[in-house]
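Structural features, examined
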Amino acid sequence: LGRLLLALACGPGAVPSLELCAMQFSPELTRTLGTMLEAGAPGGVQDVRQLSGLLAEHMWRELDAAHSYNDVLQHDLSLELENGRLMRLMVKLGMICERMDQATDPSWSETGDRYLIKLFRDWVFHRTTDTGAPEMDWGYVVELWTE
């Protein structure tokens, strides 16, 4: 295993040597490869348990980084899920408000729940500043939709 890792570290076409490895990688990796190559010598790596003991700190660091990255991905996924919910709400709102094709139908009117939805839409999307200019704050819109 030590010779295989040394050959991979040195790259194709190069003669595997610890000196070449030392020029490209950390001293700790070079020492670990050296102890793996001295498997029969006292102090060398005799089995997988000793190797995992040498690599334990790095394995835990990598595992922690993988879990942290998983948390980031899960957070990003939850944001995208929330975006999908907001989009569905806006589509439903657009389908309910001001249906011109239903203007002649007496059972369809802007009363009750439909009127409240229209008022909510006007409150969210037709807000103006103190000077009368349209408010273009997306953060405000998203905040209202998520409440």
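Refer to the structure printed above.
Residues numbered from 1 in each chain as written. Predicted model: local features only at pLDDT ≥ 70, side-chain atom pairs only at ≥ 80, totals over all residues. Heavy atoms only, no water.

**Focus on the overall build of the protein**
Basically, it comes down to this: Working definition: helices are DSSP H or I runs of at least four residues, strands are E runs of at least two. Numbering for both runs from the N terminus. Relative accessible area decides the class of each residue, using a 1.4 Å probe on protein chains only: under 20% of the type maximum gives buried, over 50% gives exposed, and in between gives partly exposed. Contacts are assigned to residue pairs that have any heavy atoms within 4.5 Å of one another.
Summing up its helical and strand segments, the protein has 6 helices and 0 strands in all. Moving toward the C terminus, one meets the helices and strands of the protein in the order α-α-α-α-α-α. Relative to its full complement of 147 residues, the protein shows a buried share of 16%. Taking contacts inside the protein between residues at least 6 apart in sequence as the whole, the part at least 24 apart equals 28%.

**Some details on the pattern of salt bridges**
To keep things clear, this is the line we draw: Any carboxyl oxygen of Asp or Glu within 4 Å of a side-chain nitrogen of Lys or Arg constitutes a salt bridge here.
With the rule as written, the count across this model stands at 2 salt bridges. Its salt-bridge partner being Glu-57, residue Arg-61 comes within 3.0 Å of it at the nearest N-O pair. Linking Arg-61 with Glu-57, this pair stays in helix H4 (residues 48–96), spanning 4 residues, or about one helical turn. Asp-122 is the salt-bridge partner of Arg-121, the closest N and O atoms lying 2.9 Å from each other. With relative accessibility at 13%, the residue Arg-121 sits in the buried group. By relative accessible area, which is 25% here, Asp-122 ends up partly exposed.

**Digging into helix H6 (residues 138–146)**
One full turn of an α-helix is made of 3.6 residues, so residues set three or four places apart face in the same direction. Where we set the bar: As used here, the arc is the angular range of directions from the helix axis to the C-beta atoms. Pairs of N or O atoms are called polar contacts if they sit within 3.5 Å, as long as, within protein, a hydrogen donor faces a hydrogen acceptor (for residues adjacent in sequence, only side-chain-to-side-chain pairs).
Restricting attention to buried positions, one finds in H6 the residues Tyr-140, Val-141, Leu-144 and Trp-145. Buried positions in H6, seen along its axis, are confined to an arc of 130° and lie on one side of it. Tucked inside the fold, the buried residues of H6 contact H4 and helix H5 (113–125). Where H6 begins, one side-chain oxygen reaches toward the backbone nitrogen of Gly-139, 3.2 Å away; that side chain belongs to Asp-137.

**A word on the packing of H4 against H6**
For clarity, the cut-off: Lines fitted to C-alpha atoms define the axes here, with helix axes fitted over just the stretch in contact, and angles between the N-to-C directions of these axes take values from 0 to 180 degrees. An angle below 35 degrees is treated as roughly parallel, one above 145 as roughly antiparallel, one from 65 to 115 as roughly perpendicular, and anything else as oblique. Polarity classes work like this: nonpolar for Ala, Val, Leu, Ile, Met, Phe, Trp, Tyr, Cys and Pro, charged for Asp, Glu, Lys and Arg, and polar for all others, with Gly in that last group.
Between H4 and H6, the shortest axis-to-axis distance is 11 Å and the interhelical angle comes to 85°. With respect to H6, the element H4 is oriented roughly perpendicular. For the pair H4 and H6, contact is made by Glu-82, Leu-86, Leu-89, Met-90 and Leu-93 and by Val-142, Trp-145 and Thr-146, respectively. The class makeup of the residues in the contact of H4 with H6 is 6 nonpolar, 1 polar and 1 charged.

**Regarding the nonpolar core**
Put simply, the rule is: Here the nonpolar core consists of buried residues drawn from Ala, Val, Leu, Ile, Met, Phe, Trp, Tyr and Cys, with membership extended through side-chain atoms lying within 4.5 Å.
By size, the foremost hydrophobic cluster in this structure holds 8 residues: Leu-86, Leu-93, Cys-97, Val-124, Tyr-140, Val-141, Leu-144 and Trp-145. Where this core is concerned, the elements lending two or more residues are H4 and H6. Sort the elements by how many residues they give to this core and H6 lands first, with 4 residues.

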